[in-house]
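Here's the letter readout for the chains.
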Amino acid sequence: MVPFPLLNHLNTLWPVLIVSELAKNGIDTYFVSPGNRNIPILAALNAINGVSVKFCVDERASAYRAIGHAKATGAPGVLVCTSGTAAANYFPAVIESFRDEIPMIVWSADRPPELVGADANQTMEQACLFGCFIRKNLNLPCPSANYPIHALLSGICDVAAVKNGPVHINLPFREPLLPVSGDKPGTDPETSAIVRAASKALGNLYPHTIHIDSAGAVPAASHADSPDMLRVKTILEDCKRGLVVVGRPDTNQSAQWIKAFVEKQNWPVFFDISSGLKGCLSNVVEIPFFDHPKALSLVLAYNPDVIVQFGTGLVSKAYYDAVLKGKNQPPKLIQITTKKGIRDPSHSVDIKMEMTTQKAVSILGTKRLPEPDKGSASRLAAQFDLLVQMMEQKTPDDILSHPLIVKTVFSLLPDNEALFIGNSLVIRAFDTGVSEAGKRIDIVSNRGVSGIEGNIATAVGYAESAGKRITAVIGDVSFLHDLNSLMLAAQSQVPVVILVINNCGGRIFERLPVAAFEGIPLEWVTTPHPYRFEMAASQFNIPYMEAGSPEELMSAYGEALKRSCSVLVEIRLSPEEDLRISKARNALHYP
């Protein structure tokens with residue numbers, strides 16, 4: 001039992017959580033050098049049972065001692081030191097660890113950021129100290145009630161999963177470093193909530209996130225009888241209401257294995273627009289979107305207790321903010337991806353299967369998992385069918401809007417072609433749209449960091465190398481950012497049809513909280529402009545068409561698809577009408 005004063009003081013609570021989480025990941029040997037700033041870590045090491053602490057006055061020798069430990073056991077030792085030059089003495093051993101791929105964890109205490117660069121004693125820049133000789137850095141803030149505990153634990157599990165070299169955890173502390181004698185247990189709601197969350201985490205038998213790596217980061221991870229795979233099996237077998245979520249796929253080959261898994265189960269499934277599978281499967285219960293008030297309430301009422309997520313980078317904000325929190329408690333989340341690092345901004349992943357979709361599906365097996373109870377999946381399908389119909393009724397067919405543009409593109413875009421979707425409002429509109437059933441479309445987007453630059457260039461590059469025509473739907477601000485790439489589109493041997501939605505600026509901000517904030521003029525963020533794009537097309541000898549109504553859009557896009565060259569179609573969209581329709585769709589009364 002951890003003494004309560006340590007839990008009631010953030011400087012000691014965080015190290016207690018870190019030591020506990022590392023122990024759950026099989027890391028329990030510490031090589032400690034003396035100092036004052038790392039005193040909170042020493043308090044945690046003294047409070048947690050089962051850890052081995054070895055002391056060494058010289059950090060350089062301590063680090064090489066940890067290398068010997070790793071060579072003998074295959075597990076990393078944790079180097080603990082104070083602030084200043086102490087961690088720099090680890091450098092030779094860190095380089096050896098990096099070069100020979102020997103696991104090692106450096107955990108340095110640090111001074112708070114306001115003292116760095118202020119001529120404070122024993123203080124220097126410690127973040128990313130080891131430069132290119134480190135596999136991963138975890139630069140934490142000073143322990144704070146504003147930093148979620150699950151984010152802290154997620155980060156620790158992420159660095160603990162690195163087995164091919166050194167990682168660095170840098171943790172600054174403000175004074176007082178330790179609980180003050182006579183301190184009373186916190187009674188304010190914020191402190192009580194932190195202590196409850198910490199106590200729950202400490203009582204968990206498993207790591208916050210179990211990392212399963214088929215390449216060997218977890219022993220026998222590829223075998224169905226490994227301890228971690230047995231944990232997966234238990235979670236799936238105990239499931240009452242499962243949900244499959246498909247995000248951005250790791251490779252173009254992932255789709256066939258995802259389809260095989262989804263079609264075998266009777267679980268509802270959500271396909272993110274970037275998955276390329278939206279509307280492709282007719283024999284599944286498909287949730288068309290999350291980001292609508294009623295859609296979210298339907299999913300939360302279904303109350304999934306297990307989510308199997310293929311891929312990463314979902315467009316939906318509601319998925320991360322609400323679905324993964326659950327109705328009463330968070331669902332168990334199994335994430336399948338080849339991508340390294342933390343791939344979940346909500347830090348909700350219980351098990352990360354870091355492997356190909358094919359490998360994961362073969363490990364999970366092809367037998368049917370427990371079906372959702374009491375017909376809940378079929379009820380959910382019927383409810384969403386009604387919701388989609390009602391939203392269609394709130395979308396006028398004689399006024400251009402983002403939903404109508406999405407519907408038009410999906411209806412006219414030929415099968416087996418490519419679709420590039422720009423960021424901001426455009427990709428959100430496509431993510432909440434309902435695609436034509438059965439069409440197989442290559443979906444392309446830049447969702448790594450969701451920038452609005454280089455959209456046209458990306459579309460051209462994909463079309464040329466895939467050898468198939470691509471339709472690029474982008475906003476006007478994105479178009480202005482990449483005007484020079486019209487030259488690439490004009491030169492491309494494979495046609496690129498550019499549909500630029502000109503709503504006179506970045507209108508997504510009219511739907512964000514800043515729109516109601518009187519302290520900033522809204523035009524400062526929407527950046528309205530008066531520009532039209534016919535002359536830009538003419539500059540590069542690209543055929544130009546414009547559409548100001550649904551009929552004109554059908555005609556212009558249909559004509560563009562008949563051409564054998566790149567074409568620019570400018571869609572003139574009233575931002576006021578588009579916003580009005582969006583509000584009406586979100587405010588509809590659902591029985």
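The structure under discussion appears in the preceding block.
Residues numbered from 1 in each chain as written. Predicted model: local features only at pLDDT ≥ 70, side-chain atom pairs only at ≥ 80, totals over all residues. Heavy atoms only, no water.

A.B. asks: Whenever I open this one, the overall build of the protein confuses me. Can you help?
C.D. replies: Looking only at helices and strands, the protein features 22 helices and 19 strands. Against the 2.2 N^0.38 benchmark of 25 Å for 591 residues, the protein shows a C-alpha radius of gyration of 27 Å, consistent with a compact globule. Taken along the three principal axes of its C-alpha coordinates, the protein extends 80 × 60 × 50 Å. Residue burial in the protein is summarised as follows: out of 591 residues, 53% are buried. Accessible surface computed for the protein: about 25700 Å², of which carbon and sulfur atoms make up 53%. Here the protein carries 54 positive and 58 negative side-chain charges, and the mean point of each set is 6 Å from the other. (Helix = DSSP H or I, 4+ residues; strand = E, 2+ residues; numbered from the N terminus. Rg over C-alpha atoms; globule rule 2.2 N^0.38 Å. Buried < 20%, exposed > 50% of the residue type's maximum accessible area, 1.4 Å probe, protein only. Areas by Shrake-Rupley, 256 points an atom, 1.4 Å probe, with all protein chains shown as cover. Lys, Arg positive; Asp, Glu negative; His and termini not counted. Charge placed at Lys NZ, Arg CZ, Asp CG, Glu CD.)

A.B. asks: Got a minute to help me understand the sheet that holds strand β9 (residues 269-271) in this structure?
C.D. replies: Backbone hydrogen bonds are what pair the strands of a sheet, in a parallel or an antiparallel way. Spatial strand order, β7-β13-β12-β11-β8-β9-β10: seven strands in an open sheet with parallel pairing. Two strands lie at the open edges of the sheet, namely β7 (210-213) and β10 (286-287), each paired on one side alone. (Pairing = 2+ DSSP bridges.)

A.B. asks: Please explain the pattern of salt bridges as it appears in this structure.
C.D. replies: One side chain can pair with another of opposite charge once the charged atoms of both are near each other. Taken as a whole, this structure holds 21 salt bridges when the rule is applied. When the shortest N-O distance is used, the salt bridge between Glu 392 and Lys 407 registers 3.3 Å. Taken together, the residues span a long stretch of sequence, with Glu 392 in helix α13 (residues 376-393) and Lys 407 in helix α14 (residues 402-412) at a distance of 15 residues. Classification of Glu 392 by relative accessible area gives partly exposed; the value is 39%. Among the residues examined, Lys 407 registers a relative accessible area of 45% and is labelled partly exposed. A single salt-bridge network, built from bridges that share partners, covers Arg 532, Glu 546, Glu 570 and Arg 572. (Salt bridge = Lys/Arg side-chain N within 4 Å of Asp/Glu carboxyl O.)

A.B. asks: Which parts of the structure should I look at to understand helix α5 (residues 91-100)?
C.D. replies: Structural remark: α-helix, 3.6 residues per turn; residues separated by three or four positions point the same way. Every buried residue belonging to α5 is among Ala 93, Val 94 and Ser 97, and all of these are buried. The buried residues of α5 occupy one face: seen down the axis, they fall within an arc of 105°. On its buried face, α5 sits against α4 (59-73), β4 (104-110) and β6 (166-172). (Arc of directions from axis to C-beta. Contact = heavy atoms within 4.5 Å.)

A.B. asks: Honestly, the sheet that holds β6 in this entry has me stumped. Any pointers?
C.D. replies: Taken together, the six strands give an open sheet; going across it, the order is β2-β1-β3-β4-β6-β5, and neighbouring strands pair in parallel fashion. Two strands close off the open sheet at either side, each with one partner strand: β2 (52-55) and β5 (136-139). If you compare each strand with its neighbour and ignore which way they point, the axes differ by 20° on average. Relative to β2, strand β1 (residues 29-32) runs parallel, the two being bridged by four bridges. (Axes fitted to C-alpha atoms, helices over the stretch in contact; angles between N-to-C directions.)

A.B. asks: Hey, could you run me through a nonpolar patch on the surface in this one?
C.D. replies: There is a patch of nonpolar side chains on the surface, built from Leu 480, Leu 483 and Tyr 531 and spanning about 250 Å² of accessible area. Relative to the elements of secondary structure, Leu 483 occurs in the loop between α17 (476-481) and α18 (486-491). Since its relative accessible area comes to 30%, Leu 483 is described here as partly exposed. (Patch = residues over 30% accessible without salt bridge, like charges linked within 9 Å, V, L, I, M, F, W, Y side chains within 5 Å.)

A.B. asks: When you look at the packing of helix α10 (residues 293-302) against α13 in this model, what are you seeing that I'm missing?
C.D. replies: Packed helices, taken two at a time, are described by the angle their axes make and the gap between the axes. Relative to each other, α10 and α13 sit at 175°, their axes nearing to 10 Å. As judged from the angle between their axes, α10 and α13 are roughly antiparallel. Within the contact between the two elements, α10 uses Lys 294, Ala 295, Leu 298, Val 299 and Tyr 302 and α13 uses Ser 376, Ala 377, Leu 380, Gln 383, Phe 384 and Leu 387. Considered class by class, the residues forming the contact of α10 with α13 number eight nonpolar, two polar and one charged. (Parallel < 35°, antiparallel > 145°, perpendicular 65-115°, else oblique. Nonpolar A, V, L, I, M, F, W, Y, C, P; charged D, E, K, R; others polar.)

A.B. asks: It is not clear to me how the packing of aromatic side chains should be interpreted in this structure. Could you clarify?
C.D. replies: Here a ring pair, both rings aromatic, is described through the centre-centre distance and the interplanar angle of the planes. In this structure the tally under the stated criterion is eleven aromatic pairs. With a centroid separation of 5.2 Å and an interplanar angle of 75°, the aromatic rings of Phe 91 and Phe 130 are classed as edge-to-face. Here Phe 91 is found in helix α5, whereas its partner Phe 130 is found in the loop between β4 and β5, with 39 residues between them in sequence. The exposure class assigned to Phe 91 is partly exposed, which follows from its relative accessible area of 25%. Between Phe 91 and Phe 133 the ring centres are 6.2 Å apart and the planes differ by 75°, which places this aromatic pair in the edge-to-face class. (Phe/Tyr/Trp six-rings, centres within 6.5 Å; stacked < 30°, edge-to-face > 60°.)

A.B. asks: What exactly am I supposed to notice about a negative patch on the surface here?
C.D. replies: A surface patch of like charges, here negative, comprises Asp 397, Asp 398, Glu 551 and Glu 552. Of note, Glu 552 is situated in helix α21 (residues 550-562). The exposure class assigned to Glu 552 is partly exposed, which follows from its relative accessible area of 36%.

A.B. asks: In this structure, what is going on with the side chain of Arg 248? I would like to understand it.
C.D. replies: Looking at the secondary structure, you find Arg 248 in the loop between β8 (242-246) and α9 (254-264). An unpaired buried charge is present at Arg 248: no salt bridge exists, and Asp 272, the closest side chain of opposite charge, is 6.6 Å distant. From its side chain, Arg 248 meets the backbone oxygen of Gly 313 in a polar contact 3.4 Å long. Beyond its immediate sequence surroundings of up to four residues, Arg 248 is in contact with Ser 274, Gly 311, Thr 312, Gly 313, Arg 447 and Gly 448. (Polar contact = N/O pair within 3.5 Å; in protein donor to acceptor, adjacent residues only side chain to side chain.)

A.B. asks: Teacher, can you tell me more about the side chain of Lys 352 here?
C.D. replies: In this structure, Lys 352 sits in strand β13 (residues 351-354). A polar atom in the side chain of Lys 352 sits 2.9 Å from the side chain of Glu 354. Those residues within four positions of Lys 352 in sequence are excluded, and the remaining contacts are Thr 209, Ile 210, His 211, Ile 212, Gln 335, Thr 337, Lys 339, Lys 340, Gly 341 and Arg 343.

A.B. asks: Just to check I follow, could you spell out the nonpolar core for this structure?
C.D. replies: Nonpolar side chains in soluble globular proteins tend to end up buried together. Formed by 42 residues in total, the largest nonpolar core has its most connected members in Leu 22, Tyr 30 and Trp 107. Leave out the neighbours within four places in its chain, and Trp 107 touches Pro 15, Ile 18, Val 19, Tyr 30, Ile 41, Val 78, Leu 79, Val 80, Cys 81, Ile 169 and Leu 171. Counting residues in hydrophobic clusters, the runner-up holds 32 residues, among them Ile 258, Leu 281, Val 306 and Ala 360. (Core = buried A, V, L, I, M, F, W, Y, C linked by side-chain atoms within 4.5 Å.)

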